[in-house]
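The chain contents come next:
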Amino acid sequence: MPTHPPFWRNGALALGLLLPGAALAQAPAAAPAAAPAAAPAAAPAQSPDTVVAKVNGATITAGDLAVAADDPALSLPGVDEAQKRNLLVDYMVDLKIGAQAAEKDKVAESPDFARKLAYFRDKLLLDEYLEREAKKAVTPQAERALYDETVKAMKPEEEVHARHILVDNEAEAKKIAARLKAGEDFAKVAAETSKDPGSKAEGGDLGWFTRERMVAPFADAAFKIEAGKISDPVKTQFGWHVIKVEEKRSKPVPSFDEMKEQVEAYLTRKTQQDIITKLREGAKIERVGAAPAAAPKADEKK
């Protein structure tokens, strides 16, 4: 029986938790009485120095909004650009008001704040530096070279496209195999008899798979029989299977376009790791007051 990979769902932090009125701004509007007017043309790009709001005399610029928009915590999937801009302006106004209140209360003068400020300054500097250097290194030529090298090392791998019917016992599996070998439609019999909820509705279809994706007895049988043939009953820890192999092929090599994101991510990580390694090698690092090595346990002394 196939082993199914888990499905992961990514959740985004709702800006409604951060911005006053954001939830209302994102709520669906009532249906209009008349057909809506054509959407307005996109606003022209603004200079980063363009002032978009003022708070007690302090300015908020288009450049400030761009920085906020890059914050993963302020992600707004599904929100149009006009709404997103208004929400970010509201957020930056609240941020500025709160910062002004903190300044007035002398929050910035505490030693703890100074340490946090120094930490986040170093972190931002490192992030910007690594991002800049990665952009220099991750070129189209470097991506293509890594792809070609990776593909060259790939060995041909066989794939099978098969269907199966899962039942509880061998006797039932033998009856089903006999029906299928007599010419009954596999998809119809699978829909009637299979216990596998994942493939039953699809006529037992498992799609294409490689050997390692299936448990051993199932894979051995599926890769042994010829295309178009029906297997004898096969036992696994899930029950008894009757398998039909539809097609066989060598697994196609993924194209450059299919692997481009993975290639780019790998090159970016490798470049940044190499930079840190090189910086460490050239730095004078002293650990002061390091914790002493743990004493051996009693059984380790023997």
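Each remark here, short or long, concerns the structure printed above.
Residues numbered from 1 in each chain as written. Predicted model: local features only at pLDDT ≥ 70, side-chain atom pairs only at ≥ 80, totals over all residues. Heavy atoms only, no water.

### Comments concerning the nonpolar core
- The biggest cluster of nonpolar side chains holds 15 residues, and the ones touching the most others in it are Val-160, Phe-209, Met-214, Phe-218, Ala-222 and Ile-243.
- Looking at this core, the elements that each hand over two or more residues are strand E3 (158-167), strand E4 (205-210), helix H8 (216-224) and strand E6 (239-250).
- Among the elements that take part in this core, H8 stands out by supplying 5 residues, more than any other.
- Those residues in contact with Phe-209 that lie beyond four places of it in its chain are Glu-158, Glu-159, Val-160, Ala-162, Met-214, Phe-218, Ala-222 and Phe-223.
- Listed in part, the 12 residues of the second largest apolar core include Val-167, Ala-173, Phe-186 and Ala-190. (Core = buried A, V, L, I, M, F, W, Y, C linked by side-chain atoms within 4.5 Å. Buried < 20%, exposed > 50% of the residue type's maximum accessible area, 1.4 Å probe, protein only. Helix = DSSP H or I, 4+ residues; strand = E, 2+ residues; numbered from the N terminus. Contact = heavy atoms within 4.5 Å.)

### Describing the packing of helix H5 (residues 140-153) against helix H9 (residues 256-281)
- At a minimum axis distance of 9 Å, the contact between H5 and H9 shows a crossing angle of 110°. Relative to H9, the element H5 is oriented roughly perpendicular. Contact with H5, carried on its side by Ala-142, Glu-143, Arg-144, Leu-146, Tyr-147 and Thr-150, involves Phe-256, Met-259, Lys-260, Val-263, Glu-264, Tyr-266 and Leu-267 of H9 and no other residues of that element. (Axes fitted to C-alpha atoms, helices over the stretch in contact; angles between N-to-C directions. Parallel < 35°, antiparallel > 145°, perpendicular 65-115°, else oblique.)

### Some words on the sheet that holds E3
- On the basis of which strands lie adjacent, the open sheet formed by 4 strands has the order E4-E3-E6-E5 and antiparallel pairing. Each having just a single partner strand, E4 and strand E5 (234-236) make up the two edges of the open sheet. On average, each strand axis in the sheet is tilted by 45° relative to the strand beside it, whichever way the strands run.
- When E3 meets E4, the two strands line up antiparallel, connected through 4 bridges. Bridge assignment links Arg-163 to a residue of E4, and that residue is Asp-205.
- The strands that helix H6 (residues 170-181) touches are E3 and E6; relative to E6, the one it contacts most, it runs at about 40°.
- Packing against the sheet, helix H7 (residues 186-193) makes contact with E3 and E6, and its axis sits at approximately 45° to E3. (Pairing = 2+ DSSP bridges.)

### Comments concerning the packing of aromatic side chains
- Across all of its chains, the model carries 4 aromatic pairs by this definition.
- Seen in terms of ring centroids, Tyr-147 and Phe-256 are 5.4 Å apart; in terms of plane orientation they differ by 80°. Their pairing is edge-to-face. Placement of the pair is Tyr-147 in helix H5 and Phe-256 in helix H9, with a sequence separation of 109 residues. Exposure class is identical for Tyr-147 and Phe-256. Each is buried.
- A cation over an aromatic ring shows up here: Arg-249 above the ring of Trp-208, its NZ or CZ 3.9 Å from the ring centre. (Phe/Tyr/Trp six-rings, centres within 6.5 Å; stacked < 30°, edge-to-face > 60°. Lys NZ or Arg CZ within 6 Å of the ring centre and 35° of its normal.)

### So, the pattern of salt bridges
- On inspection of all chains with the given rule, the structure shows 17 salt bridges.
- One continuous salt-bridge network, built from bridges that share partners, spans Arg-132, Glu-133 and Lys-136. (Salt bridge = Lys/Arg side-chain N within 4 Å of Asp/Glu carboxyl O.)

### Topic: the pairing of E6
- Both E3 and E6 contribute to a ladder of 10 bridges, which runs antiparallel. The partner of Leu-166 across the bridge, within E6, is His-241.
- Pairing of E5 with E6, which is carried by 3 bridges, proceeds in the antiparallel orientation. By the bridge assignment for E6, Val-234 is matched with His-241.
- Linkage of E5 to E6, two consecutive antiparallel strands, is achieved through a turn of 2 residues.

As far as function goes, none of this settles anything; it's purely spatial.
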